[in-house]
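# Fold and contact review
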Amino acid sequence: QVQLAESGGGLVQAGGSLRLSCAASGRTFSSYAMGWFRQAPGKERDFVATIGKSGGNTYYADSVKGRFTISRDNAKNTVRLQMNSLKPEDTAVYYCAAGTLVIRDPRKYDYWGQGTQVTVSS
């Protein structure tokens, strides 16, 4: 089992940057693909980015491609999301998740963090 805890959210102006971190407990972190998702008020939870177990495969939603970068450090049980050129439409609660597949479907992920709020002002 894996427990996940996100940090790094906050309020930023449009065009600014934030780096989210997700710390995982347990000794099996490197056995999981990791994903970042986000959910705005009244909307479904959307895929943002995912990364394979060794960090070699990464995939992004079209809306964040070229602006966001997902990375992981298996020695530190951490996955990060570097977010640059932020836009007001990026405002959401951001969640990290762990699963067995490098996949965009949130239903395929087994473990979730509590989320961290990101607010981008115009």
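Just above, that's the structure.
First things first, this report covers the structure right here in the doc. What you see is a predicted model; the values in this text were computed from it and never measured.

Reading the values: the criteria
Numbers given for residues are sequential positions, taken from 1 along each chain in its written order. Only residues with pLDDT of 70 or above have their local features reported here, since the model is predicted, and side-chain atom pairs are shown and tallied only from 80 upward, although totals for entire chains, interfaces and linings are computed over all residues. Remark: hydrogens and water are excluded; side-chain values derive from all non-hydrogen atoms of the structure. Going along the chain from the N terminus, every DSSP run of H or I of four or more residues is numbered as a helix, and every run of E of two or more is numbered as a strand. For the radius of gyration, the atom set is restricted to C-alpha positions; the globular benchmark scales as 2.2 Å times the number of residues to the power 0.38. Relative accessible area decides the class of each residue, using a 1.4 Å probe on protein chains only: under 20% of the type maximum gives buried, over 50% gives exposed, and in between gives partly exposed. Salt-bridge detection follows one rule: a side-chain nitrogen of Lys or Arg within 4 Å of a carboxyl oxygen of Asp or Glu. In short, DSSP must find at least two bridges between two strands for them to pair. Lines fitted to C-alpha atoms define the axes, with helix axes restricted to the stretch in contact, and inter-axis angles between N-to-C directions lie between 0 and 180 degrees.

Counting its secondary structure elements, the protein chain contains 0 helices and 11 strands. In the protein chain, the order of α-helices and β-strands from amino to carboxyl end is β-β-β-β-β-β-β-β-β-β-β. For a compact globule of 122 residues, the expected C-alpha radius of gyration is about 14 Å, and the protein chain comes in at 13 Å, within 12% of that figure. Expressed as lengths along the three principal axes of its C-alpha atoms, the size of the protein chain is roughly 40 × 25 × 25 Å. When burial is assessed residue by residue, the protein chain has 42% of its 122 residues classed as buried.

To continue, consider unusual backbone geometry. Residues apart from glycine generally show negative phi values, whereas peptide bonds are mostly found in trans. For Asn77, which is not a glycine, the phi torsion comes out positive at approximately 50°. Within the secondary structure, Asn77 is located in the loop between strand S7 (68–73) and strand S8 (78–83). Judged by its relative accessible area of 17%, Asn77 falls in the buried class.

Bringing the pattern of salt bridges into the picture now. A complete count under the given rule lists 4 salt bridges for this structure. Linking Asp105 and Arg107 is a salt bridge whose minimum nitrogen-to-oxygen distance equals 3.0 Å. Judged by relative accessible area, Asp105 falls into the buried class, the value being 18%.

If you trace the 4 strands from one edge of the open sheet to the other, you get S1-S3-S8-S7, paired in antiparallel fashion. If you trace the sheet from one side to the other, it starts and ends with strand S1 (4–7) and S7, each paired once. Adjacent strand axes in the sheet meet at a mean angle of 15°, parallel and antiparallel pairs treated alike. Bridging between S7 and S8 involves 6 bridges; their strand directions are antiparallel. Bridge pairing links Asp73 to Thr78 in S8.

Okay, the pairing of S8 next. Strand direction decides the pairing type here: strand S3 (residues 18–24) and S8, joined by 6 bridges, are antiparallel. In the strand pairing of S8, Leu18 is matched with Met83. Between S7 and S8, which pair antiparallel one after the other, the connecting turn spans 4 residues, and Asn77 there sits at a positive phi close to 50°.

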